[in-house]
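# Descriptive analysis of the structure
If you want the building blocks of each chain, they are given just below.
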Amino acid sequence: MDIKWTEDLTVGVDSIDDQHKELISIINNLLKAINRGDARDEIEKVIAFLKNYVATHFAMEETLMLRIKYPNDKFLEHERQHTDFWENFNELVAVFNNDHSLPLMVNTMKEVLVDWLVNHICQTDKAIGVFVKKQQSLV
Ligand SMILES: [Fe+2]
């Protein structure tokens, strides 16, 4: 269930691509920890690290969009997707904290983290790269 980095995931903005690679590696570590049946507190540590990283990453992308004067409607839609993800992710963590059923966590995590992230990177984040390229060609 590992997420593999492929060229398809390249946005074309180095700061975003570097953080995406890191994000994918943290998610893969979390998946591995769960599959290995690591202790709960170990898994909690990876989740806490991931939460922190996601928050930093979303803030970076949003700041960047404002700085490059990204069209407002696209910015708002992008921000909404980040908020939706954040809510789903927190719900998932709450389920994990209350319920000891890891198989449930694995399935939901695949949808919430892996599918969402790959989708979001391939469509929404890539649009930032396209915009930046267009702006550069105008200079
Ligand atoms: Fe994004």
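Residues numbered from 1 in each chain as written. Predicted model: local features only at pLDDT ≥ 70, side-chain atom pairs only at ≥ 80, totals over all residues. Heavy atoms only, no water.

## Notes on the pattern of salt bridges
The tally for this structure, following the rule as stated, stands at 5 salt bridges. Salt-bridge contacts for arginine 80 lead to glutamate 77; the nearest nitrogen and oxygen are separated by 3.0 Å. Linking arginine 80 with glutamate 77, this pair stays in helix 3 (residues 72–98), spanning 3 residues, or about one helical turn. Judged by its relative accessible area of 42%, arginine 80 falls in the partly exposed class. The exposure class assigned to glutamate 77 is partly exposed, which follows from its relative accessible area of 33%. The shortest N-O distance in the salt bridge between arginine 80 and aspartate 84 comes to 2.7 Å. Taken together, the residues arginine 80 and aspartate 84, both in helix 3 and 4 residues apart, mark about one turn of the helix. Each of the salt bridges in this network shares a partner with another, and the network as a whole consists of Glu77, Arg80 and Asp84. (Salt bridge = Lys/Arg side-chain N within 4 Å of Asp/Glu carboxyl O. Helix = DSSP H or I, 4+ residues; strand = E, 2+ residues; numbered from the N terminus. Buried < 20%, exposed > 50% of the residue type's maximum accessible area, 1.4 Å probe, protein only.)

## Notes on the environment of asparagine 29
Looking at the element boundaries, asparagine 29 is found in helix 1 (residues 14–36). Its relative accessible area of 40% is what places asparagine 29 among the partly exposed residues. Placed 48 residues apart in sequence, asparagine 29 and glutamate 77 show a C-alpha to C-alpha distance of 30 Å.

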